[in-house]
Amino acid sequence: MKIKVITGSLMIALALWALAPAVSLAEQASVAGDPDAKCLKCHSKKLKKKLEDGEKMSLQVMAADFEESVHSVIGCTGCHRDVGKSKHPSKKPISSRRDYSIVQNETCSQCHASKAKAYDGSIHASLAGNGNVDAPLCSDCHQTHAVKPMAVYQPVTGEPCKACHEEIFDAYAQSVHGLARANGNVIRDDHIQAPICADCHSAHDVNAVAAVDHLQSTCLDCHDGASVAHEQWLPNAKMHMTSVSCAACHSPVAERRIDLQLYDNLEQVPVGTNEDHPEIQDRLVEIDESDDGLDPLELWKLVRLSTNEGKATNVTLRGRMEVTRGVDAHRLAPRADAVRSCDTCHQGNSEAFQNVTVSISSPDGQKQRFEADSEVLNSAISVDSVGGFYAPGGTRIKLLDGLLALAIFGGLAVPIGHITLGKILRKKKNTEQ
Amino acid sequence: MTTMQTTHFRQEKTYLHPLAVRIWHWLNALGFLLLIITGFQLRYVDLFSLMSFESAVKMHNWVGFGVIANWFLWLVYYVTSDKITNYHPDLDAKDFFKRYFRQMEYYSAGIFKGEKKPHRVQPHDKFNPMQKLTYQFVMFITAPAMFLTGLMMWDVVRFQGLIEMVGGIRVVNTIHVLLFILFTFFIIIHAYMGVLGKKPSSHYKEMITGYEEPH
């Protein structure tokens, strides 16, 4: 009996010893081993924090979303490193949801340094830096606790760009690119990877639409045969591809305009991209004081009489045809539907020459545009000020039309006058005889 | 002097226009006419539709190169022949302009009174002072300027540096169009002056046969 008791006790002890680690692991997992579980214990509930601006910010984290997110592996404290037993819940006031996002997005750069650097040079960062509260921060595109893998952004869902650029995305979705993407990337029976937003605009270094050189080279990155193809039929193809945006012809329904960009001949850069040209910007506003659009004389004054820090400037205007609305730049049609008729632009009544702007660039590639009278393209005064832009037929100088008419009628008047003079003189001679 | 005998009048006819010059002249005339027509089409698509803008550009470019090549044929012919004297400048300006105004006077009145022509046409001095000054200006200044500005517009990227030196593509085009206006005026007057021979057809026949028509 004693032996049985001892044996039984030993077996129980052995069993307890064998089970001991398992109990310990379970405890670790449920209590101390999974800090995320600890966090979610509270943050899965509908917690809210009152912000200084009066708004109540939700502190709820959907556990399922977080588990599916790419950040589940680093856990809550991977980003919320300042949270600790003694510091949480924090009594530190938060001024606004936006300010909190700005601070929290700094955390992203600690792991995603290259992406953060690219973002810093983007139009989004520029707008955010200028206080635009609608400009997206990291979490606006990637969400806060449901950060998804990159593949999620590849199909034609429009995510995340569509959230802000819905009209543009809808235009894209109906374009040759969008339809090809939705159709399994089939273009003209070939399997070609049709671009999605980030392929042209970059994912983090999102470029301003006005950074035309970049966008055009982006088109040519895929359409590498386009230059040669245009040279086959288009006179002055290289010039056209420089001074006409791709979309101006390949988005046939688009409304077009001529943008005259102020260009610094000495620095060989657009005015405003290298250094600020505050005086010329002020001068532009000052010259068009009536705010009715720059007329030919005002434009001439701007180009010829402007100074920078008291020194004469060597500024010129570089013209470029582009689409008026950014959304139209995304309505790219199949090649067969692109504008091919020269008459579309090279005639006096062309709508493209009715809308004219004068622009100054900013370092981030954005353009500040000022309205100009369409007369600036047809005035004799513009021979000097708009020397760098001319489209035969479309922007012809009206004074020269007058001179041509004079030359024709004057030329015809000479024989008529001479013959008449001859008749008079002969008649006079006959009368005298 | 090259001469020939006519059977009816047995009068010596002066050989004024060598074959090379006549070929150059009529090719040039055809070229200029086509350039003016296509030039009008390029400039006034909204007013004329003789051909598409694209066709007008192609024709204007090809004919333009043809006229440039033809100009060089003219230049080579005159530089290598003794007929270059026709284009020699008159060093006595006072005498030249005296004769120039006498020629003007003739065209204004003398021609209608049956007066004798003030300038005696000869193979090595066939232009009267008005013609000489006009042709010197047309052949040595306006035509090369027209060709040069046309070339710049034909390929604005290739001639970018030159275009910027001139002041931009609009300046280049304005010069080209001003010359186009001048040439249009010139062609009309030139065609009319052609009928002011002994008979309206005399000068035209001369430019075909090469021989001066009897006066």
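Model, not experiment: these values are computed from the prediction.

J.: What exactly am I supposed to notice about the overall build of chain A here?
T.: Check the secondary structure of chain A and you find 19 helices and eleven strands. Counting the 433 residues in chain A, one finds 28% classified as buried. Within chain A, contacts between residues at least 6 apart in sequence are counted, and of these 66% link residues at least 24 apart.

J.: When you look at the overall build of chain B in this model, what are you seeing that I'm missing?
T.: In terms of regular secondary structure, chain B is built from seven helices and two strands. If you list the helices and strands of chain B from N to C, you get β-β-α-α-α-α-α-α-α. Judged by the C-alpha coordinates and their principal axes, chain B covers about 60 × 40 × 35 Å. Per-residue burial over chain B gives 23% buried out of 215 residues. Taking all contacts inside chain B whose residues are at least 6 apart in sequence as the whole, residues at least 24 apart take part in 61%.

J.: Please clarify how the pairing of strand β9 (residues 315-323) of chain A should be interpreted in this entry.
T.: In regular strands, side chains alternate between the two faces of the sheet. All names here are of chain A. By the criterion of burial, β9 is predominantly enclosed, with seven of the nine residues buried. Here strand β5 (residues 256-264) pairs with β9 via nine bridges, running antiparallel. Directly across from Leu260, in β9, lies its bridge partner Gly319.

J.: Quick question: what am I supposed to make of the interface of chain A and chain B here?
T.: Where interface size is given, it is often the accessible area lost as the parts come together that is meant. Listed as interface residues are 35 residues of chain A and, on the opposing side, 27 residues of chain B. For the side of chain A that touches chain B, the element with the most residues is helix α19 (residues 398-432) of chain A, which contributes 14 residues. Split into classes, the residues belonging to the side of chain A that touches chain B amount to 18 nonpolar, twelve polar and five charged.

J.: Before we go on, may I ask you to explain the packing of helix α1 (residues 19-43) of chain B against helix α6 (residues 169-193) of chain B in this structure?
T.: Residues and elements named next belong to chain B. Axis separation between α1 and α6 bottoms out at 11 Å; the angle between their running directions is 130°. Here α6 runs oblique to α1, going by the angle between their axes. In terms of crossing hand, the pair formed by α1 and α6 is left-handed. Taken together, the residues of α6 that come into contact with α1 (itself represented by Phe32, Ile36 and Gly39) are Phe180, Phe183, Thr184 and Ile187. Classifying every residue of the contact of α1 with α6 gives five nonpolar, two polar and no charged.

J.: Help me understand the environment of Asp295(A) in this model?
T.: The topology assignment puts Asp295(A) in the loop between α16 (278-287) and α17 (296-305). Separated by 168 residues in sequence, Asp295(A) and Leu127(A) have C-alpha atoms that sit 31 Å apart.

J.: So what exactly am I meant to see when it comes to the confidence of the model for chain A here?
T.: In this model, chain A carries an average pLDDT of 81, and 84% of its residues clear a pLDDT of 70 or more. Segment residues 13-32 of chain A is flagged for pLDDT under 50; beyond a separation of four residues in sequence, or across chains, it makes two contacts in the model.

J.: How should the pairing of β5(A) be read in this particular structure?
T.: Residues and elements named next belong to chain A. Here β5 lies mainly inside the structure; eight of its nine residues are buried. Relative to strand β10 (residues 356-361), β5 runs parallel, the two sharing four bridges. Bridging across to β10, Gln261 finds its partner in Ser359. Here β5 folds back onto strand β6 (residues 269-270) in antiparallel fashion, the turn holding four residues, of which Gln268 has a positive phi close to 60°.

J.: Before we go on, may I ask you to explain the domain arrangement of chain A in this structure?
T.: Under the domain assignment used here, chain A contains domain 1 (33-148), domain 2 (154-206), domain 3 (223-396) and domain 4 (398-433). Measuring from the centre of the C-alpha atoms in domain 3 of chain A to the corresponding centre in domain 4 of chain A gives 45 Å.

J.: Mind showing me how you'd approach the environment of Lys162(A) here?
T.: Position of Lys162(A) relative to the elements: it lies in the loop between α8 (138-142) and α9 (166-173). Measuring from C-alpha to C-alpha, the distance between Lys162(A) and Cys197(A) comes to 9.5 Å, with 35 residues separating the pair along the chain.

J.: So what exactly am I meant to see when it comes to helix α2 (residues 53-80) of chain B here?
T.: Residue and element names in this part refer to chain B. The end-to-end C-alpha distance of α2, which contains 28 residues, comes to 40 Å, matching closely the 40 Å that a straight helix rising 1.5 Å per residue would cover. Phe53, Ala56, Val57, His60, Val63, Gly64 and Val67 are the residues of α2 that are buried. Residues of α2 that are buried make contact with α1 and α4 (129-154).

J.: For this particular structure, what's the right way to read unusual backbone geometry?
T.: Leaving glycine out, the prevailing phi sign among residues is negative, and the prevailing peptide bond configuration is trans. All names here are of chain A. Although it is not a glycine, Ser202 sits at a positive phi angle of roughly 70°. For Ser202, the location among the structural elements is in the loop between α11 (197-201) and α12 (212-222). Its 16 C-beta neighbours within 10 Å are what place Ser202 among the partly exposed residues. Residue Asn236 is not a glycine yet carries a positive backbone phi of 50°. Inspection of the secondary structure assignment puts Asn236 in the loop between α13 (226-231) and α14 (237-243).

J.: Explain the packing of α4(B) against α6(B) here, please?
T.: To characterise two packed helices, one gives the angle between the axes of the helices and the distance between these axes. Residues and elements named next belong to chain B. Direction vectors running N to C along α4 and α6 enclose 135°, while the axes themselves pass 9 Å from each other. Looking at the two axes, α4 sits oblique to α6. Of the two possible hands of crossing, α4 and α6 adopt the one that is left-handed. Contacts between α4 and α6 involve Val138, Thr142, Ala145, Met146, Thr149, Gly150, Met152 and Met153 on the former and, on the latter, Val172, Asn173, Ile175, His176, Leu179, Leu182 and Phe186. Tallied by class, residues from the contact of α4 with α6 come to ten nonpolar, five polar and no charged.

J.: Help me understand the environment of Met239(A), please; the structure alone is not making it clear to me.
T.: Relative to the helices and strands, Met239(A) is located in helix α14. The residues contacting Met239(A), other than those within four sequence positions of it, are Val156(B) and Val157(B).

J.: Where do I start with the confidence of the model for chain B in this structure?
T.: Detailed conclusions should not be drawn from predicted coordinates in areas where pLDDT is low. All names here are of chain B. Per-residue pLDDT for chain B has a mean of 91; in total, 94% of the residues score no lower than 70. Every residue in residues 1-10 scores below 50 in pLDDT, and together they form 13 contacts with partners more than four places removed in sequence or on other chains. Scored by ipTM, the complex comes to 0.90, with pTM at 0.81.

J.: Just checking my understanding: could you explain the nonpolar core for this structure?
T.: Counting residues in each nonpolar core, the largest one holds 56 residues, and the members touching the most others are Leu260(A), Leu299(A) and Ala372(A). Counting contributing residues per domain, this core is built from domain 2 (154-206) and domain 3 (223-396) of chain A, each supplying no fewer than three. Once you skip the residues sitting within four places of it in the chain, Leu299(A) turns out to touch Leu294(A), Val358(A), Ala372(A), Val376(A), Ser382(A) and Ser385(A). The next biggest cluster of nonpolar side chains, apart from the first, holds 13 residues, and it includes Ala407(A), Val67(B), Met146(B) and Phe183(B).

What counts and how
- Here, residues in each chain are numbered from 1, in the same order as that chain's written sequence.
- Whichever chain is written first is A, and whichever ligand is written first is 1; the rest continue in order.
- pLDDT decides what is reported in this predicted model: residues at 70 or higher carry local features, side-chain atom pairs at 80 or more are listed and counted, and totals for whole chains, interfaces and linings draw on all residues regardless.
- In this text, helices come from DSSP runs of H or I with a minimum length of four residues, and strands from runs of E with a minimum of two, each type numbered from the N-terminal end.
- Residue burial here comes from a neighbour count, namely the number of other C-beta atoms, placed from the backbone, that lie within 10 Å of the residue's own C-beta, with 20 or more meaning buried, 12 or fewer meaning exposed, and in between meaning partly exposed.
- Any pair of residues counts as being in contact when their C-beta atoms, constructed from backbone geometry, are within 7 Å of one another.
- Strand pairing follows a simple DSSP-based rule, namely that at least 2 bridges must link the two strands.
- Three classes are used, and their members are as follows: Ala, Val, Leu, Ile, Met, Phe, Trp, Tyr, Cys and Pro are nonpolar, Asp, Glu, Lys and Arg are charged, and the others, Gly among them, are polar.
- Helix axes are fitted to C-alpha atoms over the stretch in contact, other axes to C-alpha atoms as well, and angles between N-to-C directions run from 0 to 180 degrees.
- Roughly parallel refers to an angle under 35 degrees, roughly antiparallel to one over 145, roughly perpendicular to one between 65 and 115, and oblique to any angle outside these ranges.
- By the definition used in this description, the sense in which the near helix is turned from the far one sets the handedness, with an anticlockwise turn below a right angle giving left-handed and a clockwise turn giving right-handed.
- pLDDT is a residue-level measure of predictor confidence that goes from 0 to 100.
- Start and end positions for the domains come from either an automated domain assignment or a database one.
- The span expected for a helix works out to 1.5 Å for each residue beyond the first.
- Only buried residues count toward a nonpolar core: Ala, Val, Leu, Ile, Met, Phe, Trp, Tyr and Cys, linked into one set through C-beta atoms within 7 Å.

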